[in-house]
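Coordinates in review
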Amino acid sequence: MPLLLFLGMALLGVFISVASHGALIKASADYAKKGAVPSISRAWQSGVANFWPLLCLQIVKKVVLIFLAVFVGYAALNALWSLTAWSLLLFLLVFILAAGVGMVVSFLIVYAAGYLVVEKYPWSRAIASAWNLFISHWLVSVEVGLVVLFLNVIAGMIALVGFFIFFLPTLVTWLIALLTLNSALWWAGLMVGILFSALFVIFLGALLTVYTTSVWTYLFMKMHRGGIVSRIWPWLKK
């Protein structure tokens, strides 16, 4: 029974996560087209309607990224085991190749999700259209991808600082617990510290997810409707 309950909660969490992602794409696209506050109910209905195609996209992405991680891990272990110039060079090449493939796959999944939710394309056509869109705007995609990566690094640093800040009361509680030899107070301080730190990280992650999804959806709408100019290309031509 506990296993079935845990499995049910996990499946519910997956459903809410995928449907919410689709709803956010729909809401961001409506705002980009109309400039008005989108309908939450319509956005949610769109997310639910596209649950299975979006879930398949996420599964494909996770499988590819796991395969790349295993590939890089094997190259890293080989480099550590042999410690030769060739093995280190091979690891570097594998890492660069895996990072590039992973970035391209992430771009394709983002654009395919846009075609699924916004344009209501079938799955195969959404993938093909996402590839064509990436080929036409690969430099802009890389630019935005690097910006999003930078934001993720900043968010990670903020999460780390916030973790220590929210854990400070726990340290004070532990000190009191040691002075009073109160084990219950020690456990209470630990639970409170974990709870507040986890809530802060979840809140920060949710904000980052909403922002990045909105940015990618806006970028998709601009690329798909009329195209968008790279900020770096004029400098590269000089």
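Relevant structure appears above.
In this report, we go over the structure that sits alongside the text. If you're wondering where the values come from, they're calculated on a predicted model, not measured in any experiment.

Per the stated rule, a full pass over the model turns up twelve aromatic pairs. Aromatic pair Trp-131 and Phe-134: ring centres 6.1 Å apart, planes at 40°, arrangement tilted. Of this pair, Trp-131 and Phe-134 both sit in helix H5 (residues 123–136), three residues apart, which is roughly one turn of that helix. The class of Trp-131 is partly exposed, set by a relative accessible area of 42%.

On to H5. Over its 14 residues, H5 runs 20 Å from end to end, which matches the ideal 20 Å to within 8%, given 1.5 Å per residue. Here H5 has its buried residues at Ala-126, Ser-129, Ala-130, Leu-133 and Phe-134. End-on, the buried residues of H5 take up no more than an arc of 140°, which puts them together on one face.

Turning to helix H2 (residues 40–49), a few remarks are in order. For H2, the full list of buried residues reads Ala-43, Ser-46 and Gly-47. Along the axis of H2, the buried positions cluster into a sector of 100°, meaning they face one direction only. Summarising the geometry of H2, the exposed residues directed more than 90 degrees from the buried face are Gln-45 and Ala-49. Against helix H1 (2–34), helix H3 (51–82) and helix H4 (85–117) lie the buried residues of H2.

So, about the nonpolar core. A general trend in soluble globular proteins is that nonpolar side chains are found buried together. In this structure, Leu-54, Leu-57, Tyr-111, Trp-216, Leu-219 and Phe-220 are the most contacted members of the largest nonpolar core, which totals 31 residues. Counting residues per element, the ones that place at least two in this core are H1, H3, H4, H5, helix H6 (138–180) and helix H7 (183–225). Top contributing element to this core by residue count: H4, with ten residues.

What counts and what doesn't
- All residue numbers here refer to positions counted from 1 along the written sequence of the relevant chain.
- At least 70 in pLDDT is required for a residue's local features to be given in this predicted model, at least 80 for side-chain atom pairs to be given and counted, and no such filter applies to totals for whole chains, interfaces and linings, which use all residues.
- No hydrogens and no water enter the side-chain calculation; it runs on all heavy atoms of the structure.
- Only rings of Phe, Tyr and Trp enter the pairing, Trp through its six-membered ring, and a pair is recorded when the two centres are within 6.5 Å. The plane angle decides the type: under 30 degrees is stacked, over 60 is edge-to-face, the rest tilted.
- Helix numbers and strand numbers start at the N terminus; a helix is a DSSP run of H or I with at least 4 residues, a strand a run of E with at least 2.
- Per-residue accessibility, obtained with a 1.4 Å probe over protein chains only, is compared with the maximum for each type, and a residue is labelled buried under 20%, exposed over 50%, and partly exposed between these values.
- The span expected for a helix works out to 1.5 Å for each residue beyond the first.
- Here, the arc refers to the directions that run from the helix axis to the C-beta atoms.
- Working rule for contacts: check all heavy atoms of both residues, and any pair within 4.5 Å makes them a contact.
- Residue types Ala, Val, Leu, Ile, Met, Phe, Trp, Tyr and Cys, when buried and joined through side-chain atoms within 4.5 Å, form a set referred to as a nonpolar core.

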